[in-house]
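Descriptive analysis of the structure
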Amino acid sequence: METVLDKLTQKNDKKLLLLVIDGIGGAPYRGKTELEAAYTPNMDRLAKSYITGVADPVAPGITPGSGPGHLALFGYDPLRYEIGRGILEALGVGLEVTPKDVAVRGNFATIDDNGIIIDRRAGRISTDLNRQLCTRIQQEIKTIDGVEIIVKPGKEHRFVLILRGDKLSDKVTETDPQKEGNPPLRCEPLVPEATHTAEVVNKFVDATRKLLNPPANFVLLRGFAKHPQLKSMRERFKLTPAGIATYPMYKGLARLVGMDILETGPELEDEIETLRKNWDNYDFFYFHIKRTDSLGEDGNWEAKVELIEKIDKLLPDILDLHPDVLVITGDHSTPAILKAHSWHPVPVLFVSPYVIPDKSEAFNERECMHGGLGRIRLLDLLPLMLAHGLKLKKYGA
Ligand code: ZN
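Residues numbered from 1 in each chain as written. Predicted model: local features only at pLDDT ≥ 70, side-chain atom pairs only at ≥ 80, totals over all residues. Heavy atoms only, no water.

With respect to the domain arrangement of the protein chain
Inclusion rule: The domain boundaries here were taken from an automatic or database domain assignment. Two parts lose some accessible area (1.4 Å probe) when they are put together, and adding that loss for both gives the buried area. We define a salt bridge as a contact between a side-chain nitrogen of Lys or Arg and a carboxyl oxygen of Asp or Glu at a distance within 4 Å. We define a polar contact as two N or O atoms separated by no more than 3.5 Å, with the added condition that, inside protein, one atom must be a possible hydrogen donor and the other a possible acceptor, whereas residues neighbouring each other in sequence contribute only through side-chain atom pairs. Comment: elements are numbered from the N terminus, with helices defined as DSSP H or I runs of at least four residues and strands as E runs of at least two. Polarity classes work like this: nonpolar for Ala, Val, Leu, Ile, Met, Phe, Trp, Tyr, Cys and Pro, charged for Asp, Glu, Lys and Arg, and polar for all others, with Gly in that last group.
When cut into domains, the protein chain gives domain 1 (2–83 + 230–388) and domain 2 (87–225). Relative placement of domain 1 and domain 2: their C-alpha centres are 35 Å apart. Counting each side, the surface lost to burial between domain 1 and domain 2 is near 630 Å², with a carbon and sulfur contribution of 81%. Here domain 1 is connected to domain 2 by 0 salt bridges. The tally of links from domain 1 across to domain 2 stands at 1 residue pair in polar contact (both at pLDDT 80 or more). Here the side of domain 1 that touches domain 2 gets 6 residues from one element, more than from any other, and that element is helix H9 (residues 248–256). Here the side of domain 1 that touches domain 2 is composed, by residue class, of 5 nonpolar, 2 polar and 1 charged.

A short note on helix H12 (residues 301–319)
What counts, and what does not: The span expected for a helix works out to 1.5 Å for each residue beyond the first. Values of bend correspond, residue by residue, to the angle between axes fitted over the seven residues ending at that residue and the seven starting there. Residue exposure (1.4 Å probe, protein chains only): buried if accessible area is under 20% of the type maximum, exposed if over 50%, otherwise partly exposed.
With 19 residues, H12 ought to run about 27 Å at 1.5 Å a step, and its terminal C-alpha atoms sit 27 Å apart, in line with that. At Lys-313, H12 shows its largest kink, close to 35°, and the proline Pro-316 lies no more than four residues downstream. Looking only at H12, the buried set comprises Trp-301, Ala-303, Lys-304, Val-305, Leu-307, Ile-308, Ile-311, Asp-312, Leu-314, Leu-315, Ile-318 and Leu-319.

Points about the pattern of salt bridges
Pairing between side chains of opposite charge can happen when their charged atoms approach one another. Overall, the coordinates contain 23 salt bridges when judged by the stated rule. Residue Lys-100 is joined to Asp-166 by a salt bridge in which the shortest nitrogen-to-oxygen separation is 3.5 Å. Pair noted here: Lys-100 is in the loop between helix H5 (85–92) and strand E3 (101–111) and Asp-166 is in the loop between strand E7 (158–164) and helix H7 (195–209), with a separation of 66 residues, a long-range link. Judged by its relative accessible area of 55%, Asp-166 is exposed. Where Asp-101 meets Arg-164, a salt bridge forms, and the shortest distance between an N and an O atom there is 2.7 Å. Here Arg-164 lies in strand E7 and Asp-101 lies in strand E3, a separation of 63 residues in the sequence. By relative accessible area, Arg-164 is classed as partly exposed at 22%.

Comments concerning the packing of aromatic side chains
So the rule is basically this: Working definition: rings of Phe, Tyr and Trp (its six-membered ring) pair if their centres are within 6.5 Å, and the pair is stacked with planes under 30 degrees apart, edge-to-face with planes over 60 apart, and tilted otherwise.
Taken as a whole, this structure holds 7 aromatic pairs when the rule is applied. Aromatic side chains Tyr-76 and Phe-237 sit 6.3 Å apart centroid to centroid with 65° between the ring planes, which places their arrangement in the edge-to-face category. Of the two residues, Tyr-76 is situated in the loop between helix H4 (66–73) and H5 and Phe-237 in helix H8 (residues 233–237); the sequence distance between them amounts to 161 residues. Phe-237 shares its class with Tyr-76; the two are buried. Each member of the aromatic cluster is reached from another via a ring pair, and the members are Tyr-76, Tyr-81 and Phe-237.

What about the coordination of the zinc ion?
Counted only if it meets this: Only nitrogen, oxygen and sulfur atoms qualify as donors, and only when within 2.8 Å of the metal (3.2 Å in the case of Na, K and Ca); with water excluded, sites may look incomplete.
The zinc ion binds to the protein through Asp-22 (OD), Asp-22 (OD), Ser-66 (OG), Asp-331 (OD) and His-332 (NE2); the donor distances cover 2.1 to 2.7 Å. We note that the donor set of the zinc ion lies within a single chain, spaced as D-x43-S-x264-D-H. Here Asp-331 lies in the loop between strand E12 (325–329) and strand E13 (346–351) and Asp-22 lies in the loop between strand E1 (16–21) and helix H2 (34–37), a separation of 309 residues in the sequence. Neither residue differs from the other here; Asp-22 and Asp-331 are each classed as buried.

So this is what it looks like as structure tokens:
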């Protein structure tokens, strides 16, 4: 499918807008989902006039992380391309990753005089102390055997390490034995080409040891991952894509598929202003709203409902730009009653002058289940957007 699709794409000036309300899908609480409880006259009007459906981010029953959910939205099969843990963590702390990088998840840990790990999280040291330690490491260790070393703190005991250099490999073993009472493991190559990388990793661990004191006197490394080197959306779909997002991980995901990341402020209104200002310069916009997911994970049903209402209220400002194709959906569901991502398919609202309207009366899970799009893969949305933007040539004679 992917190669066929890539061959059919053609450039035109139609504008596609993908509005991703993170974790939008919900589940009933006192009989109503968040979307059903929210007063959303604008989205409901669109649902009445156009078409809806539901989409599985990965596959029925699979609860996705935001990484796979977004890959599918961007037209990349999440079962074919995996973005490794280290890369996701690096994007999450706002590090840019390049094709020369191996990204790694790090933990500060405590080892005793016999070299045994007694606390894999170093007593969950404060984020402040973590920052100080990372600064010290970064000042003292800049390169190892020609490989650039980049260290950035996360929360509490977590940090991200990037090794940047030629011929690095992520085919190495983790140093974290995952259990206290064991000594840390040496990093070993899993393939001959990874010998150099494993040596650099072990030298890094040894070098940090001289800089660290209890309780954070050791580093454990895992989740080694190379940059996925995806073909860009420009190349694949002949789009000129831009991303508007407020959290580092989503900017990073968009950057992985070659989008320009547009500077924006923290509020929804800021993101809309950014969209307006850049409207003439691109033909594909990924517009990300994060807080619906956070509120779902907090189990804050009421606040999620209120935020959905606010999004609906601001929707006319987006519609004023007259996108040729508008899709409103999520990267996965985050029902407040589960306080977590879930396997539920996401509701989809699809707006284009060429759709054959269905009988949906409103934008919510229950209506979307009966929508004319049916139940599709989230991966199928982008081809549909391209088609409705008249950006796909005929297949075959
Ligand atoms: Zn998400």
